[in-house]
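Structural features, examined
Spelled out, the chains give:
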Amino acid sequence: MQTRKNLLELCLSPDLGGLELYMMRCAKALRESFNVISVINPAGKLEQYFSGTDHRYLFVAKKSNLLMLGAARKLAEIIDDNGIDIVHLHWTKDIPVAVLAKHLSKRKPKLAQTRNMTMTRFKDDFYHRHLYKNIDLMLPVTKQVAEQLHRFIPESIRPKVEVLYMGTDNVDLLSDGEIDQLRHELKMYNTFAVGLVGRIEETKGQHLLIEAIAHLRQEETRVDAFFVGHEMEEGYIQTLKAKAKELGVGSSVHFLGFMSNPMHFMQACDAMVLATPCETFGLVVIEAMAVGTPIIVTDACGPLEIIDDEVDGLLFEKGSSTDLAKKIKMLRSNETLRTDISTNARLKVQAMFSNDIQFEKLSTLLQELS
């Protein structure tokens, strides 16, 4: 009988978004084929997903790469104490810590990175060449990112590259009665409710949805925007509220804070929006598709590998609130289109973006690291 390998899931990011949540999902899903321990940042927001469960997790504090020696020593100690064979990291800023810990440890584990970020250039110096030479496997979340890795990392030091899309959890579908109750609680009655899930910051494009709502109000089309997520910069929500008030749509813009189960929220919405200028993948896109809520996404980067326009979602021109308003109006006025998109989106997720499919592939790729 083959001995189960020991896997360490690493994410020292202090934030909470698609990247961090994917790490948590990997840690829990891979327990079926590995002995898994997770290492997270004590100053981060991931512990809430591990606390109170039987999943093993430890803390490593890391404030910056300039002061990373202590973090690397602690990580190396964890690697040796737990007989770690493979370190699977997610945050690009953790690469230096993971590589240094590999050198400091007695185990010398294999390093695999899920690459959630684009690469626009390669710093061709000794330091960066050394970092990438010590990574054994890179798992870009889109073909676009894979092409960048092949273009910018010299072949002589390039790790093995395998595209691995993200997947969705098994869908907890609400009944019609539960959806009606949730819509009532969220004050979504008597309106076309458009949701946006993500960190509350300028790069996520909440301002574009507010502007789109204002365009539609000029046409006397009633649409409300509902935002779910953490405020990343104190005061930014007030800036957005002031913008909405200035545009005359203050009463149609709602901030709901963080939700532990955003897929319930998505089911209460009539449509979802991803307005980021260039999302590497877009986990919320496939989550909305999985629950059957039509989604409108920016016509750039990762979502282009997910959405077929007017088949299983809608694309809008990057940065254009006018075009976003047009696509929202298209969905609001065409029930047949909403139904067709919902049906096609669910079928695509089942075929391409389920966690069962993606985690099985991930498990195989990690097992193959000798």
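Here the structure is shown first, and the text comes after it.
Attention in this report is confined to the structure presented alongside it. Each chain has its residues counted from 1, following the order in which its sequence is written. Given that the model is predicted, a residue must reach a pLDDT of at least 70 before its local features are reported, and side-chain atom pairs must reach 80 or more before they are shown or counted; all residues, however, enter totals for whole chains, interfaces and linings. Neither water nor hydrogens contribute to the side-chain values; these are computed over all heavy atoms in the structure.

Looking at the overall build of the protein
Helix numbering and strand numbering both begin at the N terminus, where a helix is a DSSP run of H or I of at least 4 residues and a strand a DSSP run of E of at least 2. Counting its secondary structure elements, the protein contains 14 helices and 13 strands. Taken over C-alpha atoms, the radius of gyration is set against a globule rule of 2.2 Å times the number of residues to the power 0.38. For the protein, the C-alpha radius of gyration of 22 Å lies close to 21 Å, the compact-globule estimate for 370 residues. Relative to its 370 residues, the protein shows a buried fraction of 55%. The contact criterion used is simple: two residues touch if any of their non-hydrogen atoms lie within 4.5 Å. The contacts in the protein between residues at least 6 apart in sequence include a share of 69% that link residues at least 24 apart. Only carbon and sulfur atoms are counted for the fraction: they give 48% of the accessible area of the protein, which is about 16800 Å². Categorising residues by exposure relies on relative accessible area from a 1.4 Å probe, with only protein chains included: less than 20% of the type maximum marks a residue as buried, more than 50% marks it as exposed, and the intermediate range marks it as partly exposed. With residues, only the protein chains shown are counted as cover, and all accessible areas are computed by Shrake-Rupley using a 1.4 Å probe.

Looking at the pattern of salt bridges
Every case where a carboxyl oxygen of Asp or Glu lies within 4 Å of a side-chain nitrogen of Lys or Arg is listed as a salt bridge. Following the criterion strictly, the structure yields 17 salt bridges and no others. Measuring nitrogen to oxygen at the nearest pair gives 2.8 Å for the salt bridge that ties Asp224 to Arg222. Relative accessible area serves as the criterion here: at 1%, Asp224 is assigned to the buried category. Measuring nitrogen to oxygen at the nearest pair gives 2.8 Å for the salt bridge that ties Lys348 to Asp312. A residue pair is termed long-range when its members are at least 10 positions apart, and Lys348 in helix α13 (residues 335–352) and Asp312 in the loop between β12 (295–298) and β13 (314–316) qualify at 36 residues. Grouping residues by exposure puts Lys348 and Asp312 together as buried.

Comments concerning the side chain of Ser321
Examined against the element boundaries, Ser321 turns out to sit in helix α12 (residues 321–333). Of the residues examined, Ser321 reaches a relative accessible area of 8% and is grouped as buried. As used in this structure description, the phrase polar contact means that two N or O atoms lie within 3.5 Å; if the pair is within protein, one of them must be able to donate a hydrogen and the other to accept it, and residues adjacent in sequence are counted only when both atoms belong to side chains. Looking at Ser321, its side chain comes within polar contact range of the side chain of His215, at 3.1 Å. Every residue in contact with Ser321, bar those within four places of it in the chain, is listed here: Leu208, Glu211, Ala212 and His215.

Comments concerning the nonpolar core
Nonpolar side chains in soluble globular proteins generally cluster together in the buried interior. Nonpolar cores were defined as sets of buried Ala, Val, Leu, Ile, Met, Phe, Trp, Tyr and Cys residues, with membership established by side-chain atoms within 4.5 Å. In terms of nonpolar packing, the biggest core is built from 98 residues, with Leu8, Leu10, Tyr132, Phe265, Met289, Leu362 and Leu366 touching the most fellow members. Excluding anything up to four places from it in sequence, Met289 contacts Ile295, Ile306, Ile307, Asp312, Ala345, Arg346, Lys348 and Val349. Of all hydrophobic cores here, the second largest spans 33 residues; its members include Leu208, Ile213, Tyr236 and Ile341.

What about the packing of helix α11 (residues 283–291) against α13?
Axis definition: a line fit to C-alpha positions, over the contact stretch in the case of helices; interaxial angles, taken between N-to-C directions, run 0 to 180 degrees. Contact pair α11 / α13: the axes reach a minimum separation of 7 Å and the direction vectors enclose 115 degrees. Note on packing geometry: the crossing formed by α11 with α13 is left-handed. In this structure, α11 contributes Ile286, Met289, Ala290 and Val291 to the contact, and α13 contributes Ala345, Arg346, Lys348 and Val349. Throughout this entry, Asp, Glu, Lys and Arg are counted as charged residues, while Ala, Val, Leu, Ile, Met, Phe, Trp, Tyr, Cys and Pro are counted as nonpolar. The remaining residues, Gly among them, count as polar. Partitioning the contact of α11 with α13 into residue classes produces 6 nonpolar, no polar and 2 charged. Handedness of a helix crossing follows the sense of rotation of the near helix relative to the far helix, less than a right angle counterclockwise being left-handed and clockwise being right-handed.

Re the sheet that holds strand β10 (residues 253–255)
Spatially, 6 strands are ordered β10-β9-β8-β11-β12-β13 in an open sheet, and the strand pairing comes out parallel. Strands with a single pairing partner mark the edges of an open sheet, and in this sheet they are β10 and β13. Recorded for the sheet is a direction-independent mean angle of 25 degrees between the axes of neighbouring strands. Here strand β11 (residues 271–274) pairs with β12 via 3 bridges, running parallel. Across the sheet, residue Leu274 finds its bridge partner in β12, namely Val297. Sheet strands touched by helix α8 (residues 206–218): β8 (192–197), β9 (223–228), β10 and β11. Its angle to β9, the strand with the most contacts, is close to 170 degrees. Each pair of strands is called paired provided DSSP finds at least two bridges between the two strands.

Considering the state of the cysteines
Defined by distance alone, a disulfide is two cysteine sulfur atoms within 2.5 Å. The tally for this structure, following the rule as stated, stands at 1 disulfide. At a sulfur-sulfur separation of 1.7 Å, the disulfide partner of Cys278 is Cys301. The disulfide joining Cys278 to Cys301 has a torsion of about -100 degrees about its S-S bond and is therefore left-handed. Residue Cys278 is found in the loop between β11 and α11, and its partner Cys301 is found in the loop between β12 and β13; the two are separated by 23 residues along the sequence. We classify Cys278 as partly exposed; its relative accessible area is 37%. Sulfur of Cys11: no disulfide; nearest cysteine sulfur belongs to Cys26 and is 10 Å away. Judged by relative accessible area, which is 0%, Cys26 ranks as buried.

Overview of the sheet that holds strand β2 (residues 35–40)
Strand pairing in a sheet relies on backbone hydrogen bonds, with the paired strands running either antiparallel or parallel. With parallel pairing, 7 strands are arranged side by side in an open sheet as β3-β2-β1-β4-β5-β6-β7. With partners counted over all chains shown, the strands left at the sheet margins are β3 (57–59) and β7 (160–161), one partner each. In terms of strand pairing, strand β4 (residues 86–89) meets strand β5 (residues 110–115) through 4 bridges, oriented parallel. Directly across from His88, in β5, lies its bridge partner Ala112. Most of the contacts of helix α14 (residues 355–367) go to strand β6 (residues 137–140), to which it runs at about 165 degrees, and overall it touches β1 (6–11), β4, β5 and β6.

Any functional reading would require information that these geometric values do not contain.
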